[in-house]
Amino acid sequence: MPTYKTAIVIGASSGIGEALVRQLAKDGVTVAALARRADELERVQREAGDKVRIYAHDVTDYASVPAMFDRVKADLGEVDLVIYNAGVMPPVAESEYNFEKDHAMIAVNLLGAMAWLNPVAAYMEARRSGTIVGVSSVAGDRGRRGNPAYHTSKAALTTYLEALRNRLSRYGVTVVTVKPGPVATPMTKDLGKLPLIIPAEQAAAGILAHARAGTVEGYVPVAWWPIMSVIQQVPSWIFRKTNI
Ligand SMILES: NC(=O)c1ccc[n+]([C@@H]2O[C@H](COP(=O)([O-])OP(=O)(O)OC[C@H]3O[C@@H](n4cnc5c(N)ncnc54)[C@H](OP(=O)(O)O)[C@@H]3O)[C@@H](O)[C@H]2O)c1
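Everything numeric in this text was worked out from a predicted model, so none of it was measured. (Residues numbered from 1 in each chain as written. Predicted model: local features only at pLDDT ≥ 70, side-chain atom pairs only at ≥ 80, totals over all residues. Heavy atoms only, no water.)

A. Representation of unusual backbone geometry in the model. With omega at -10 degrees, the peptide bond leading from Val220 into Pro221 counts as cis. Not every positive phi belongs to a glycine, and Arg128 is a case in point at roughly 65 degrees. Along the chain, Arg128 turns up in the loop between helix H4 (99-127) and strand S5 (130-135). Even without being glycine, Leu196 reaches a positive phi, approximately 50 degrees. Among the structural elements, Leu196 can be located in the loop between strand S7 (183-184) and strand S8 (198-199). (Helix = DSSP H or I, 4+ residues; strand = E, 2+ residues; numbered from the N terminus.)

B. View of the site of the ligand. Close to the ligand lie 30 residues; Ser14, Arg36, Tyr150, Val183 and Thr185 are nearest. A distance of 2.9 Å separates a nitrogen atom of the ligand from a polar atom in the side chain of Asp58. Protein coverage of the free-state accessible area of the ligand, which is 880 Å², stands at 95%. Looking at the shell around the ligand, the elements with two or more residues in it are helix H1 (15-26) and helix H5 (148-168). Split by residue class, the shell around the ligand holds 14 nonpolar, twelve polar and four charged. (Near = heavy atom within 4 Å. Polar contact = N/O pair within 3.5 Å; in protein donor to acceptor, adjacent residues only side chain to side chain. Areas by Shrake-Rupley, 256 points an atom, 1.4 Å probe, with all protein chains shown as cover. Nonpolar A, V, L, I, M, F, W, Y, C, P; charged D, E, K, R; others polar.)

This is the structure we're talking about:
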């Protein structure tokens, strides 16, 4: 099992990302916490302690990513673990087809991941070690009716991470895809009752357990693995009649 001295969490100002920062800091890891809301990052730093360094950053400012990564690397020394957790999921109504919302989800959930994980991959390939974790979702396992672009962004993220893994494993770099089911965070607070919903702390613990185990594609909680294995096999002509 790897032990991490340093980590970067991208999307760290609330929900799962905040819980990841807290747990890593508690384990003695020096963590760089990135997100747009500087005030929320300051709160996380105040509460999680002096292991946490904070950086206000918008992942859709793609051109600024290499300089931000260099700055964080210089502050941390080496980087053992990078978790791309930033994500958005605006509410989308039943018959709403809204390119602005779709664009926002692809911009953060997918392109932001590529903007960050390309330079991280190059760094870890050269270093011959490190762990990359992408927070995908069970939502990427099927194209469901509720939010087409969100499902697309997570399916594409899962495939991008698989390709990174196929590139990087020969260099001793671990790439882990984590697919949480519903988690109680600001993202889901207005969505009503969701199945098997878990607290952010439990999601973060599950993500870190998969990271340390080097899981290829891990569900959180693992009960989603048999459920999604069945859902993935449901034929399209049946699936489209369901409300899943
Ligand atoms: N909650 C669930 O049920 C669930 C299930 C499966 C997967 N996920 C995934 O888990 C991840 C975390 O979500 P969450 O539920 O914890 O929601 P959340 O509390 O809304 O957290 C989202 C995080 O992403 C950051 N972020 C959003 N846009 C950003 C941008 N342009 N630049 C930098 N950071 C940005 C936010 O920070 P700022 O707003 O401060 O920038 C925040 O820290 C997401 O990728 C989500 O898709 C969530």
